[in-house]
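Overview (structure and organization)
Given next are the chains, with one letter for each unit.
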Number of protein chains: 2
Amino acid sequence: MNNFNFYSPTEFVFGKGRENEVGSLVKKHGGSKVLIHYGGGSVIRSGLLDRVKASLDKEAVPYVELGGAKPNPVDSKVYEGIDLIKKEGVDFILAVGGGSTIDSSKAMAAGSVYDGDFWDFYCGKETIKAALPVATVLTIAAAGSEGSGDTVITKEDGMLKRGAGSDYLRPRFSVMNPELLATVPKYQIACGATDIMAHVCERYFTNTTEVEITDRLCEAVLCTMVKETPRVIADPNNYEAMANLMWAGTVAHTNIVGVGRDQDWNSHGIEHELSAMYDCAHGAGLAVIMPSWMDFVYKHNPMRFAEFATRVWGCAMDFENPEVTAKEGINCFRKFLKSIGMPINFVELGAKEEDIPAMAAKMGIEGTTGGFVKLTTADVEEIYRIAAKASI
Amino acid sequence: MNNFNFYSPTEFVFGKGRENEVGSLVKKHGGSKVLIHYGGGSVIRSGLLDRVKASLDKEAVPYVELGGAKPNPVDSKVYEGIDLIKKEGVDFILAVGGGSTIDSSKAMAAGSVYDGDFWDFYCGKETIKAALPVATVLTIAAAGSEGSGDTVITKEDGMLKRGAGSDYLRPRFSVMNPELLATVPKYQIACGATDIMAHVCERYFTNTTEVEITDRLCEAVLCTMVKETPRVIADPNNYEAMANLMWAGTVAHTNIVGVGRDQDWNSHGIEHELSAMYDCAHGAGLAVIMPSWMDFVYKHNPMRFAEFATRVWGCAMDFENPEVTAKEGINCFRKFLKSIGMPINFVELGAKEEDIPAMAAKMGIEGTTGGFVKLTTADVEEIYRIAAKASI
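Residues numbered from 1 in each chain as written. Chains lettered and ligands numbered in written order. Predicted model: local features only at pLDDT ≥ 70, side-chain atom pairs only at ≥ 80, totals over all residues. Heavy atoms only, no water.

**Focus: the pattern of salt bridges**
Across all of its chains, the model carries 52 salt bridges over all chains by this definition. Put simply, Glu219 of chain A and Arg216 of chain A hold a salt bridge, and the shortest N to O gap is 3.8 Å. Separated by three residues within a single helix, Glu219 of chain A and Arg216 of chain A lie in helix H8 (residues 212-234), roughly one turn from each other. In this structure, the salt-bridge partner of Arg311 of chain A is Glu219 of chain A, at a minimum N-O distance of 2.9 Å. Here Glu219 of chain A lies in helix H8 and Arg311 of chain A lies in helix H12 (residues 302-313), a separation of 92 residues in the sequence. Using a relative accessible area of 28% as the deciding quantity, one classes Arg311 of chain A as partly exposed. Under the relative-accessibility criterion, Glu219 of chain A is labelled buried at 4%. Among the ionic contacts, a cluster of salt bridges with common partners joins Glu212, Asp215, Arg216, Glu219, Arg261, Arg304, Glu307 and Arg311 of chain A together with Lys227 of chain B. (Salt bridge = Lys/Arg side-chain N within 4 Å of Asp/Glu carboxyl O. Helix = DSSP H or I, 4+ residues; strand = E, 2+ residues; numbered from the N terminus. Buried < 20%, exposed > 50% of the residue type's maximum accessible area, 1.4 Å probe, protein only.)

Take a look at the structure:
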């Protein structure tokens, strides 16, 4: 096991109707003027935004609003938010929405107390040393951003999708009401579920040995997703299934399932180029990339994939030939993704094989990436090619 | 799934040599004058206390010391600590030791900023509304106190063992170096492991349905303990096994495996009377009580115990008669406890059957307890009687 720090100071406020506590939570966590950042019309139509505002009003906490956060959030909205924060004297940012809205809010939180361009944090020029407090009211289980210090933003000029992270960006509180998932389209639920499973897989497939505790925690989250996702897809009003899915999404990404081990975020990196190029949902891109990455790397450690197959998918272990078991597990994963309505190849996603060299080049790999298997640009092209033609 | 709040703001600093960072951690978390509280001679003999002091000296953080924390920590030491804290102007308490030292430190933290008697918090007269910051350097995997807001103290007058809890008592940081377990006697390692497993079981056996995520997380910790505990007992220098055991102990008690569900702490309550009466180790008492409680309650929900048997102990499921599988699981648990050197009945523990009525009465149950199965005083007596004669 590697040395590690684990720090997840977010107060999670989970369950039915908890958005009505936002006002008192903001006060408890020191906010005196709030920017409410949100995305499209769904939080308005559902009445959620009104409930949040009513809760702030009740506690006499003033606020300003900024809508328009997009999936794959863009830098222009971040600049708009930073200007508004400075102009209005905002000292607390409340993201009402999913991962994109939260990521956009985190960028504003870091950028509004920084003299330079917030993009410096995303292009690696600067590390985050301070930020306004951020909190969330989560509307979809997916990115895990409600419990992480991570944020991904797309720079529109060149469509560069890049991430940043800092403990300063960990939400002070996250309100999580599973009832809100009931109005999320099934396709988005499935995309979110895929993202959650990928967050675990990127941690599970590691070269670190002797991490039984986090191995088992990873498998716990994956088993939960395998059981609960189809139940939510089948019945969007199944509160219990939604609650399990939503909390599993948070557990998957606070890093409790990832401490003490090397991690491999190559599938996320490879996918980011897909969603930057085609503006597809991140989860849909991962459904295409993650199993294809597995096809490419499983021979590096077939026993690891055989454990994935037996413990998560219930495959029988072929002790004579663990590679057979390993492949069966990957196939189960792809079948599962297909069953919940996810694309599993380029055609289903709407991606084009001829763009492969351009996407691989855009990752800007110098030599090789790190990770479970070190990848060259040519390896990434091969993974894209596997993904292009994948089938079950 | 029940509504819940989950809040675990402790910074865990885990791995080899991390105690050398204590000085900078205290400063980071706002301490300017420290009380170092510890137990007996082992932290002195091992050189740990010197390393901690050297780290504080390096950062020019002044400190005072208070040794003598005992297993089953007592109120007199807490009063002594509170006096010292007030006299010396201490603003940060650093517990160097195991659960008892940490629990004692937490009592001082709450008591030193309270006008009344700190025991008010333990006898239920007052709730904790403030506390000095507490941090820990953990020397044994057991109580989970390094990641919890809980504390248990024994009032010497009448040997009353009572608990209190508050988010204010959650440690600001906890340094966890698994190397420190190498010098812990095997019996204490086994006691700690038993306590960890009990912390999971008290959450796992619940009447709340539809908590797949926390069910699976519970099983993940239990499976880890079943694998790693015998490895630590067999070879106290097995760093990897110690690391898994130590982190599992924390995961077991931050409540990440317990949120969203009813919990049953009756076995802990029943055990507390044992260790208060005989001054035996809490873990050893739990080894005697926990499976006996299971024997008494499993018929309330045999399927729950059958899952425990199949998922944790690898028993085959008897679908015709799940009670058979359930009993097999309980037997596996008792065999495991015996194999790691734990007592499983009164004789092995040094307890006496004639004290049963007195211990049961001391719990002060009015009507019934809560929990998985509501227990009367007569039920508790019966559990003690099962425990008295238990065998494998």
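**Focus: the nonpolar core**
Ranked by size, the top nonpolar core spans 183 residues in total, and within it Trp247 of chain A together with Trp247 of chain B carry the most contacts. Once you skip the residues sitting within four places of it in the chain, Trp247 of chain B turns out to touch Phe4, Phe6, Ile213, Ile256 and Val259 of chain A together with Phe12, Phe14 and Met176 of chain B. Listed in part, the 25 residues of the second largest apolar core include Leu84, Ile85, Val90 and Ile93 of chain B. (Core = buried A, V, L, I, M, F, W, Y, C linked by side-chain atoms within 4.5 Å. Contact = heavy atoms within 4.5 Å.)

**Points about the interface of chain A and chain B**
Across the contact, 38 residues belong to chain A and 38 residues belong to chain B. Taking both partners together, chain A and chain B bury about 3,500 Å²; carbon and sulfur atoms supply 56% of that area. Its largest share of buried area at the contact with chain B, chain A owes to Met1, Ile213 and Trp247 of chain A, together 17% of the area lost on that side. Applying the counting rule to chain A against chain B returns four salt bridges. Ionic pairing is found between Glu210 of chain A and Arg231 of chain B, a salt bridge with its closest N-O pair at 2.8 Å. A class-by-class count of the residues in the side of chain A that touches chain B yields 21 nonpolar, seven polar and 10 charged. (Buried area = accessible area lost by both parts, 1.4 Å probe. Nonpolar A, V, L, I, M, F, W, Y, C, P; charged D, E, K, R; others polar.)

**Digging into the side chain of His253 of chain B**
Residues and elements named next belong to chain B. By secondary structure assignment, the location of His253 is in the loop between helix H9 (239-251) and helix H10 (266-278). Accessibility expressed as a relative area gives 8% for His253, which makes it buried. A polar side-chain atom of His253 sits 3.1 Å from a polar atom in the side chain of Arg203. Dropping the residues within four chain positions of it, His253 is found in contact with Ala143, Gly144, Gly147, Ser148, Asp150, His199, Arg203 and Trp265. (Polar contact = N/O pair within 3.5 Å; in protein donor to acceptor, adjacent residues only side chain to side chain.)

**A few points about empty space enclosed by the protein**
If a probe as big as a water molecule is rolled over the atoms, it shows which places are left empty. Applying the stated criterion across every chain, the model contains two cavities of 30 Å³ or more. One number sums up the size of the largest cavity: a volume of about 130 Å³. Lining the largest cavity are 16 residues, and of these Phe6 and Ile256 of chain A together with Phe6, Thr254 and Ile256 of chain B sit closest to its centre. Elements with a minimum of two residues in the lining of the largest cavity: strand E1 (4-14) and helix H9 (239-251) of chain A together with strand E1 (4-14) and H9 of chain B. Split by residue class, the lining of the largest cavity holds 10 nonpolar, six polar and no charged. Of the voids in this model, the second largest cavity is the one considered here, and its volume is about 30 Å³. (1 Å grid on protein atoms, 1.4 Å probe; cavity = no way out; pocket = protein on both sides within 12 Å on 5 of 7 lines; lining within 4 Å. Points joined across faces, edges and corners; volume = space filled by probe spheres on them.)

**Topic: the confidence of the model for chain A**
Looking at chain A, the pLDDT average stands at 96 and 100% of residues meet or exceed 70. Interface confidence in the predicted complex, given as ipTM, is 0.97; pTM for the same model is 0.97. (pLDDT = per-residue confidence, 0-100.)

**Points about the sheet that holds strand E4 (residues 92-97) of chain B**
If you trace the 12 strands from one edge of the open sheet to the other, you get E3(A)-E2(A)-E4(A)-E5(A)-E8(A)-E1(A)-E1(B)-E8(B)-E5(B)-E4(B)-E2(B)-E3(B), paired in mixed fashion. The open sheet is flanked by strand E3 (63-66) of chain A together with strand E3 (63-66) of chain B, the only strands paired with a single partner. Going across the sheet, the axis of each strand differs from the next one's by a mean of 20°, ignoring polarity. Judged from the three bridges that link them, strand E5 (residues 134-138) of chain B and strand E8 (residues 173-176) of chain B form a sheet pairing that is parallel. Among the inter-strand pairings, Val137 of chain B is bridged to a residue of E8 of chain B, identified as Val175 of chain B. (Pairing = 2+ DSSP bridges. Axes fitted to C-alpha atoms, helices over the stretch in contact; angles between N-to-C directions.)

**Some thoughts on the packing of aromatic side chains**
One pass over the structure, following the stated rule, counts 52 aromatic pairs over all chains. With 4.6 Å between their ring centres and 45° between their planes, Tyr114 of chain A and Phe121 of chain A make a pair best called tilted. Among the aromatic residues, those joined into a ring-pair cluster are Tyr204, Phe205, Trp293, Phe305, Phe308, Trp313, Phe333, Phe336 and Phe372 of chain A. The residue whose ring lies beneath Arg304 of chain A is Tyr204 of chain A, and the NZ or CZ to ring-centre distance is 3.9 Å. In this structure, Lys16 of chain B packs its charged tip against the face of Tyr239 of chain B, placed 4.5 Å from the ring centre. (Phe/Tyr/Trp six-rings, centres within 6.5 Å; stacked < 30°, edge-to-face > 60°. Lys NZ or Arg CZ within 6 Å of the ring centre and 35° of its normal.)

**Observations regarding the relation of the copies chain A and chain B**
Once chain A has been moved 0.0 Å along the axis and rotated by 180°, it coincides with chain B to within an RMSD of 0.0 Å. Given the turn and translation reported, the copies of this chain are related as if by a two-fold rotation axis. Identified as the residue of chain A closest to the rotation axis by C-alpha distance is Pro9 of chain A, at 1.9 Å. Mapped onto chain B, 100% of the interface residues of chain A are again interface residues, and the two copies thus contact each other with one and the same surface. (Least-squares fit on C-alpha atoms with pLDDT ≥ 70 in both.)

**Regarding unusual backbone geometry**
All names here are of chain B. Phi is positive for Ala60, which is not a glycine, with a value near 55°. Tracing the sequence through the fold places Ala60 in the loop between helix H3 (48-58) and E3. When its relative accessible area of 64% is taken as the criterion, Ala60 is described as exposed. Although it is not a glycine, Met159 adopts a positive phi angle of roughly 45°.

**Regarding helix H4 (residues 75-88) of chain A**
Since the α-helix advances by 3.6 residues per turn, residues separated by three or four positions end up pointing in the same direction. Residue and element names in this part refer to chain A. Taking 1.5 Å per residue, 14 residues should reach 20 Å; H4 reaches 20 Å between its end C-alpha atoms and fits that length. Those residues of H4 not exposed but buried are Asp75, Lys77, Val78, Gly81, Ile82, Leu84 and Ile85. Contacts from the buried residues of H4 go to strand E2 (34-38), E3, strand E4 (92-97), helix H5 (99-111) and strand E6 (150-155). Downstream of H4 by a residue or two, Gly89 has a phi angle that is positive, lying close to 70°. (Expected span 1.5 Å × (residues − 1).)

**Some thoughts on the environment of Arg172 of chain B**
Residues and elements named next belong to chain B. Along the polypeptide, Arg172 turns up in the loop between strand E7 (160-165) and E8. Residues Arg172 and Pro302, spaced 130 residues apart in sequence, show a C-alpha to C-alpha distance of 41 Å. Beyond its immediate chain neighbours, meaning those up to four positions away, Arg172 contacts Pro9, Thr10, Glu11, His29, Phe92, Pro133, Val134 and Ala135.

**So, the packing of helix H8 (residues 212-234) of chain B against H9 of chain B**
All names here are of chain B. Look at H8 against H9: their axes get within 9 Å of each other, and the N-to-C directions meet at 145°. In the packing of H8 onto H9, the handedness of the crossing is left-handed. Listed contacts from H9 to Val221, Thr224, Met225, Glu228, Thr229, Arg231 and Val232 of H8 are Ala241, Met242, Asn244, Leu245, Ala248 and Val251. The residue inventory of the contact of H8 with H9, partitioned by class, reads eight nonpolar, three polar and two charged. (Left-handed = near helix turned anticlockwise from the far one by under 90°.)

**Focus on the pairing of E1 of chain A**
Of all the 11 residues making up E1 of chain A, nine are buried; the element is thus mostly covered by neighbouring parts of the structure. With nine bridges joining them, E1 of chain A and E1 of chain B adopt antiparallel strand pairing. Note that in E1 of chain B the partner of Asn5 of chain A across the bridge is Val13 of chain B. Taken together, the four bridges between E1 of chain A and strand E8 (residues 173-176) of chain A define a ladder with parallel strand orientation. Residue pairing across strands places Val13 of chain A opposite Val175 of chain A, the latter belonging to E8 of chain A.

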